[in-house]
Amino acid sequence: MTYEFLQHYWCFIVALLGALLVFLLFVQGANSVASSLGYTEEGKRLVYNSTGRKWEFTFTTLVTFGGAFFASYPLFYSTSFGGAYWLWMIILFTFVLQAVSYEFQNKIGNFLGPKTFQFFLTLNGIVGPLLLGGAVATFFEGSNFIVEKNNLIDATALTPVISRWANASHGLDALLSPWVLIFGFAVVFLARVLGILYVMNNVDDEDIRSRGSVRLVGAAVPFLVLFVAYLVHLLLKDGFAYNDEGIIYMEPYKYLTNFIDMWYLLIILLIGVVLVLYGIGKTVWSKNYIGGIWPAGIGTVLTVLALLLCSAWNHTAYYPSTADLQSSLTMANSCSSEFTLTTMFYVSLLVPFVLAYIIYCWRAIDAKKITKDEIQNDHAY
């Protein structure tokens, strides 16, 4: 195993976790449309009890994604999580609100009322995917930071800081970019698509399933428009490349070139898009089909995986700096030591066992569809 192989390997692992996280945002997506999908108070409780069985998977994957990034690419972690902390703090805060809201919305003694916590669930369902999508978009559009590694050897620095944000917004300035917002809202509507498909599959209620087909069209159309617009922009824009000496420079049509050079990623992307369209289309056209979450979910993972790898492989700066081009982060200049990556490689061999346990738990939780009788017990959300 060479150092370069380990860098690519851990980039793949982090990208896969990011792709799984986007799929699991169906929890947030369903919560954001719970009022229209459930319509009645009983219907909304069915939706919340459906997503309430899976929110831990989403939150755990988010934490694991951050942990994997920290261990394999610590300079990215310190730059993004340390510099753009307002962006990440808002994301984490809305996820904490989500956890609290599930537990307390219908508890005895809740003086704020169920609607307050349902509002928090809706807030997380919109803000969470929007900001996470915006964070992913900065892999292509760039962020406003400066990296100064020489600070580590500066004897006059009492607290040496390698990277810092170039303005006082600390990450929120990314939302001023129209393309970051376009991609962010594309993720919001994708989460809604996946959420509607999941609830239609998981909840045994004809009213919700009949409304789900209509709501699915309303979420799928803006998602497709936004996603196609951003994909065209991505393929035509200049990208952030680097040479063998580590010098970062702008290359025309960089991401289009990446997909051409790495044709296997292009195939994965196309398969993913086709699966998402199949899951949506068959659910809309077939009244009895409720399994759209699975092809659409697999397609989402494949599509996001291809996009994330396109942002880093093939001599591409995966976290570009708009303040100082040479501060941009690449796999080569931001990864952990070879010893660390090698040690973690052997630890990662346990991942299949963890995935098997997750699949087992998922199947056990979903062994029985959620019905109106299910929300009458004391353990219901």
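Each value, and the rule that gives it
Residues numbered from 1 in each chain as written. Predicted model: local features only at pLDDT ≥ 70, side-chain atom pairs only at ≥ 80, totals over all residues. Heavy atoms only, no water. Helix = DSSP H or I, 4+ residues; strand = E, 2+ residues; numbered from the N terminus. Rg over C-alpha atoms; globule rule 2.2 N^0.38 Å. Contact = heavy atoms within 4.5 Å. Buried < 20%, exposed > 50% of the residue type's maximum accessible area, 1.4 Å probe, protein only. Polar contact = N/O pair within 3.5 Å; in protein donor to acceptor, adjacent residues only side chain to side chain. Salt bridge = Lys/Arg side-chain N within 4 Å of Asp/Glu carboxyl O. Pairing = 2+ DSSP bridges. Disulfide = S-S within 2.5 Å.

> Would you take a moment to explain the overall build of the chain for this structure?
Scanning the chain from terminus to terminus reveals 16 helices and four strands. Compactness check: the chain gives a C-alpha radius of gyration of 21 Å against a globular reference of 21 Å for 381 residues, within 12% of the reference. Considering only C-alpha atoms, the chain reaches an extent of 65 × 45 × 40 Å along its principal axes. Within the chain, counting contacts between residues at least 6 apart in sequence, those at least 24 apart form 76% of the total.

> Any chance you could explain the environment of V33 here in plain terms?
Within the fold, V33 resides in the loop between α2 (26-32) and α3 (34-38). Residue V33 is classed as buried on the basis of its relative accessible area of 8%. Taking the C-alpha atoms as reference, V33 lies 8.4 Å from G195; in sequence the two are 162 residues apart. Those residues in contact with V33 that lie beyond four places of it in its chain are G38, R192 and I196.

> Sorry, what's going on with the side chain of S348 here?
You can see S348 is positioned in helix α15 (residues 338-348). Of note is the side chain of S348, whose polar atom sits 2.6 Å from the side chain of Y9.

> Any chance you could explain the pattern of salt bridges here in plain terms?
Opposite charge on two side chains allows them to pair when their charged atoms are near. Throughout the structure, instances matching the rule amount to four salt bridges. The partner of K115 in a salt bridge is E41, with the nearest N and O atoms 3.3 Å apart. Linking K115 in helix α8 (residues 114-141) with E41 in helix α4 (residues 41-52), this pair joins segments that are 74 residues apart in sequence. When its relative accessible area of 43% is taken as the criterion, E41 is described as partly exposed. The partner of D204 in a salt bridge is R209, and the shortest N-O contact between them spans 3.8 Å. For D204, a relative accessible area of 41% corresponds to the partly exposed category.

> Any chance you could explain the pairing of strand β3 (residues 239-242) here in plain terms?
For a regular strand, side-chain orientation follows a simple rule: the groups alternate between the two sheet faces. Of the two faces of β3, the one holding G239 and A241 and the one holding F240 and Y242 are both buried throughout. Inspection of the sheet shows β3 paired to strand β4 (residues 248-251) by four bridges, in the antiparallel sense. When the sheet's bridge partners are listed, F240 is paired in β4 with M250. The antiparallel pairing of β3 with β4 creates a hairpin that spans five residues between the two strands, and G246 there sits at a positive phi of about 85°.

> Looking at this model, I keep getting lost on the state of the cysteines. Mind explaining?
Here is the idea: a disulfide is a covalent bond, and it sits between the sulfur atoms of two cysteines. Considering all chains together, one arrives at zero disulfides under this definition. Unpaired in this structure, C11 has its nearest cysteine sulfur neighbour in C335, at a distance of 11 Å.

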